[in-house]
Amino acid sequence: MKSIIGQVFESVRERVLDPVSKRISEIACEKILGVVGEHVDCHINFQNYVDDLKKGVRDLKRKRGDKEAELRIVDHSEKMVKEEVQGWLEGAGKVIDELDIEEEVENVSYLSQGSLGRRVRQKTQEVKEIHNRGNFTEGLVIERPPSIGIPLPTENMVGKLDVKEKIRGYLRGSEGMIGVCGISGIGKTTIMKHIHNELLNEATQFEKVIWITLSHPFNVVRLQGDIARKMNKGLREDADELERASRLMEIMKTVKYALILDDVRDKFTLTRVGIPKPTMENGCKIVITSRSVDVCNYLSCQIVNVPPLSKEESFNLFLDEVGSDVLQIPNSDEIVKLIVHNCAGLPSVIVGIASRMRGVKDICEWRNALLELPQ
């Protein structure tokens, strides 16, 4: 067909056109013949192109699946997926999802196979190009950059802003050891969780912010291991306490850290654990929370006492947790005030009782809750 059309154009061109027009006609003929020839080719080889596309999509699915399988066994705490790999996986997935031509192929008319075949051929080339871009000879992941720390879940902090600012002031100052002291349930841990997360967000003063909740009874080996893990390091399990302390000391001397030890009840020395003493020179800080003033003094801490909530703060916290509609219960005002008073300004006690009484409308149950509290 192509040769017959070519002969017709050649005959007309030779008879009627001048040299310039002949060149223009040659270009036009080439383009027309190219389009016609491509259409004929796509029509004749329609099924072959469809089969090529299906094979390309299958190969792309397999390669994408292989890459995803490789990533599933990666330790994502230490490594992270390269951005180019993540982009390729998303792009390949999008192409695979969008290339659903089964119905269109089945319903295409004989005369339309040429135009559809051209589209199929173009899509096949795109699939092959995406497939080739997915080789990643240098690997799928890279080392995760050192993390300053992991944010902690926090509870609402009522009052205590002056206490929090006092601790922050000591963290910015010359004090190396800070002891946050108060009775159980007073809010020491909540305050320090908020400060911990603020230090992470600022990410300027410290290279590492470490939170450790101590075990009871006190276990030096466990504490050593917990700190080392937070530093993304390991200590030999078969090493004795002294060897582990020496190794931990070496690790911690390389980093400007803020170490928060929550719920410290026992006296111990930093040297025994392997914690370098914080100084003005190294810029490190250690904050402990403890019920014991003696423990804080033993560790030479600058002590910050956490006072109970005021009556107003206690009442507002209780209403926030239980719901202000509790005051709509007949004869509930005095009972609620007495319950809050008997919580002694301890946030954990207030929140615990308020959570238990949330939704309770029976005044008798409120009286029983009051009787259960120490008077």
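Scope of this entry: the structure provided in the associated data block. (Residues numbered from 1 in each chain as written. Predicted model: local features only at pLDDT ≥ 70, side-chain atom pairs only at ≥ 80, totals over all residues. Heavy atoms only, no water.)

Quick notes on the overall build of the chain
Looking only at helices and strands, one finds 16 helices and 7 strands in the chain. Going through the 375 residues of the chain one by one, you find that 42% of them count as buried. A sequence separation of at least 24 residues applies to 77% of the contacts in the chain between residues at least 6 apart. Put simply, the chain shows about 21800 Å² of open surface, and 52% of that area lies on carbon and sulfur atoms. (Helix = DSSP H or I, 4+ residues; strand = E, 2+ residues; numbered from the N terminus. Buried < 20%, exposed > 50% of the residue type's maximum accessible area, 1.4 Å probe, protein only. Contact = heavy atoms within 4.5 Å. Areas by Shrake-Rupley, 256 points an atom, 1.4 Å probe, with all protein chains shown as cover.)

Some remarks on the nonpolar core
Counting residues in hydrophobic clusters, the biggest one holds 31 residues, and the most contacted among them are Ile-227, Leu-259, Leu-261, Phe-268, Ile-275 and Ile-288. Looking at this core, the elements that each hand over two or more residues are strand E3 (177-181), strand E4 (208-213), helix H9 (220-230), helix H10 (241-252), strand E5 (257-262), helix H11 (270-273), strand E6 (285-290) and helix H12 (293-298). Sort the elements by how many residues they give to this core and H9 lands first, with 4 residues. Non-local contacts of Ile-227, meaning those with residues more than four positions away in its chain, are made with Ile-212, Leu-248, Met-252, Leu-259, Val-273 and Ile-275. (Core = buried A, V, L, I, M, F, W, Y, C linked by side-chain atoms within 4.5 Å.)

Brief notes about unusual backbone geometry
Each neighbour pair has its own omega, and for His-216 with Pro-217 the value is 5°, a cis peptide bond. By the secondary structure assignment, Pro-217 is in the loop between E4 and H9. Of note in the backbone geometry, Ser-300 takes a positive phi value of approximately 60° without being a glycine. Accessibility expressed as a relative area gives 59% for Ser-300, which makes it exposed. Here Ala-344, not a glycine, exhibits a phi torsion of approximately 60°, which is positive. Within the fold, Ala-344 resides in the loop between helix H14 (333-342) and helix H15 (347-357). Judged by its relative accessible area of 47%, Ala-344 is partly exposed.

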